[in-house]
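So the chains spell out like this:
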Amino acid sequence: MKLIRYGDYGQEKPGLLLKSGERIDTSELTTDYDETFFENNGLEQLQKWLTQNEATAPRVSDTIRLGAPIARPSKIVCIGLNYADHAEESGVPIPEEPILFFKSTTCLVGPNDPVVIPKNSQKTDWEVELAIIIGKRTSYVSREDALDYVAGYALHNDYSEREWQLERGGQWVKGKSADTFAPLGPFLATRDEIAEPEDLRLWLSVNDQMYQDSSTKQMIFGISELISYTSQFMTLLPGDIISTGTPPGVGLGIKPDPVFLRAGNTVRLGIEGLGEQCQKAESFTES
Ligand code: ZN
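The structure presented is a predicted model; accordingly, all values stated were derived computationally and were not measured. (Residues numbered from 1 in each chain as written. Predicted model: local features only at pLDDT ≥ 70, side-chain atom pairs only at ≥ 80, totals over all residues. Heavy atoms only, no water.)

Asks: Requested: an account of the overall build of the protein chain, with residues and values cited.
Replies: Within the protein chain, the secondary structure is distributed over 5 helices and 19 strands. By the compact-globule yardstick of 19 Å for 287 residues, the protein chain fits well, its C-alpha radius of gyration being 18 Å. Here the protein chain, with 287 residues, has 55% of them falling under the buried criterion. Of all intrachain contacts in the protein chain linking residues separated by at least 6 positions in sequence, the fraction that spans at least 24 positions is 75%. (Helix = DSSP H or I, 4+ residues; strand = E, 2+ residues; numbered from the N terminus. Rg over C-alpha atoms; globule rule 2.2 N^0.38 Å. Buried < 20%, exposed > 50% of the residue type's maximum accessible area, 1.4 Å probe, protein only. Contact = heavy atoms within 4.5 Å.)

Structure, rendered in C-alpha cells:
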C-alpha cells in the first residue's frame, strides 16, 4: 500500500494512493497515520479495509495538497555520512560506526511544499535520502529481527543549513531543524511494495541541473544495521523516522565553489519506487 495524507497543513486526512493512480480517503478507518494507528496493527486493518472498500471509498482530487504521509512522530533520527563518496566530498573519514543526529519534528512538511530559506541563512543545502518509517515499538533489536519493525519507506529531503550545522559549534541539530527542512513523501510505501530497498536509484536536481544521482547500494551501513544500531541507544516508537544518509552531490561539496539555494530555485528529487518531490525555494518572511 501507499499511504498518503492530504489537505491543508496541520489538518491532513489519511488516504491511499491506489495502483490505478487514484487517491482515496481512508478516514472511515482511522483519523490519522500516527503512533496509535501503527501501534494497533493499523496497517493490517487498513489492508483488510482496502480489500472491502477500494471500489466505493471516497475519491480525493489529485489537485489537493499532499502532506507528509505520517503524522508528526516522536523523533526524526538521521544518519550522517552513510555514503562513502559523500564522506569523501565532505573531506572527512568514513565513519567506523553510524553517526546519529536529530532533526526537529517540526520541520516535517509535504513533498511539494515550498522550502523556506530560514532567516539569516546563507548556506541552505539539499540531501536526497531514503527514510525508514518504524512500525512497532522496539529497543535492543537484533539485525536479524530489525526489518519486522519497519512500516515502510519514504522519500526525504534532509535540508541542511551548513553554517549553522558546521560553523556555529557542536551538534548538527541547529543546521537541520528549520521549518520546512524535512519534506517527506509523496507516500509511505509499505515494506511489501519495495523488494530491494538497498538497491534503489536516488537523485536530486536544482533548476534542472542534476546534482545527486546514486543508489542506496552505496550505503555504508544497511537498513537492518541502522535500525538495530539506533535501538541500542533509544526506544524507537511507531511512526519514528530513520533517515539513512545522502549520496554525494550536496551543494557544500561542489568544487571549486559550493552552491547553496537561493529564493526562486526549484529542487526536484526522487527515489525509484518512492515517487518524486518538487520544492520551490522561498525567502523567510515575518508573519
Ligand atoms: Zn542527511
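Asks: Give a description of the state of the cysteines that names residues and reports values.
Replies: Per the counting criterion, the structure on display carries 0 disulfides. With no disulfide of its own, Cys-78 lies closest to Cys-107 among cysteine sulfurs, the gap being 8.0 Å. (Disulfide = S-S within 2.5 Å.)

Asks: I'd love a proper account of the environment of Val-250, names of residues and values included.
Replies: Among the secondary structure elements, Val-250 is positioned in the loop between strand E17 (241–243) and strand E18 (266–271). Through-space distance from the C-alpha of Val-250 to that of Leu-204 is 9.1 Å; in sequence the pair is 46 residues apart. Filtering out sequence-adjacent residues up to four positions away, Val-250 remains in contact with His-86, Glu-89, Asp-125, Trp-126, Glu-127, Arg-162 and Gln-212.

Asks: Explain the coordination of the zinc ion to me, using residue names and the numbers behind them.
Replies: Only Glu-127 (OE), Glu-129 (OE) and Asp-158 (OD) from the protein reach the zinc ion as donors, at distances of 1.9 to 2.0 Å. Between consecutive donor residues of the zinc ion, the sequence gaps follow E-x1-E-x28-D. Residue Glu-129 is located in strand E10 (residues 128–134), and its partner Asp-158 is located in the loop between strand E11 (150–157) and strand E12 (160–161); the two are separated by 29 residues in the primary sequence. A relative accessible area of 0% places Asp-158 in the buried class. (Donors = N, O, S within 2.8 Å, 3.2 Å for Na, K, Ca; no water.)

Asks: Account for the domain arrangement of the protein chain, with residues named and values stated.
Replies: Entries for the protein chain in the domain assignment read domain 1 (2–66) and domain 2 (70–283). Of note, the centres of domain 1 and domain 2, computed from C-alpha atoms alone, are 24 Å apart. Between domain 1 and domain 2, the residue contacts involve 16 residues of the former and 19 residues of the latter. Together, the buried faces of domain 1 and domain 2 total about 1500 Å²; carbon and sulfur atoms form 59% of this surface. At the junction of domain 1 with domain 2, the criterion picks out 1 salt bridge. (Domains from an automatic or database assignment. Buried area = accessible area lost by both parts, 1.4 Å probe. Salt bridge = Lys/Arg side-chain N within 4 Å of Asp/Glu carboxyl O.)

Asks: Tell me about the sheet that holds strand E3 (residues 23–25), residues and numbers included.
Replies: If you trace the 10 strands from one edge of the open sheet to the other, you get E4-E3-E2-E1-E14-E11-E10-E17-E5-E6, paired in mixed fashion. The open sheet has two edge strands with one neighbour each: strand E4 (59–60) and strand E6 (99–103). Alignment of strand E1 (residues 2–6) against strand E2 (residues 13–17), held across 5 bridges, turns out to be antiparallel. Within the sheet, the bridge partner assigned to Ile-4 lies in E2 and is Gly-15. Together, E1, E2, E3, E11 and strand E14 (188–190) form the strand contacts of helix H2 (residues 42–53), whose direction differs from that of E3 by roughly 105 degrees. Helix H5 (residues 223–230) rests against strand E5 (76–80), E6, E10, E11 and E17 of the sheet, and its axis sits at about 60 degrees to E10. (Pairing = 2+ DSSP bridges. Axes fitted to C-alpha atoms, helices over the stretch in contact; angles between N-to-C directions.)

Asks: Can you explain the environment of Gly-135? Please cite residues and give values.
Replies: Within the secondary structure, Gly-135 sits in the loop between E10 and E11. Between the alpha carbons of Gly-135 and Asp-148 there is a distance of 8.3 Å; along the sequence they are 13 residues apart. Discounting residues that sit within four places of it in the chain, Gly-135 has contacts with Phe-38, Glu-39, Tyr-149, Val-150, Ala-151 and Pro-238.

Asks: Quick one: what's the story with the pattern of salt bridges, residue by residue and with numbers?
Replies: Under the counting rule described, the total for this entry stands at 16 salt bridges. Between Asp-32 and Arg-5 there is a salt bridge, and its shortest N-O distance comes to 2.7 Å. Pair noted here: Asp-32 is in the loop between E3 and helix H1 (35–39) and Arg-5 is in strand E1, with a separation of 27 residues, a long-range link. Among the residues examined, Arg-5 registers a relative accessible area of 7% and is labelled buried. A salt bridge links Asp-213 to Arg-201, with the nearest nitrogen and oxygen atoms 2.8 Å apart. Here Asp-213 is found in strand E16 (residues 209–215), whereas its partner Arg-201 is found in strand E15 (residues 201–206), with 12 residues between them in sequence.

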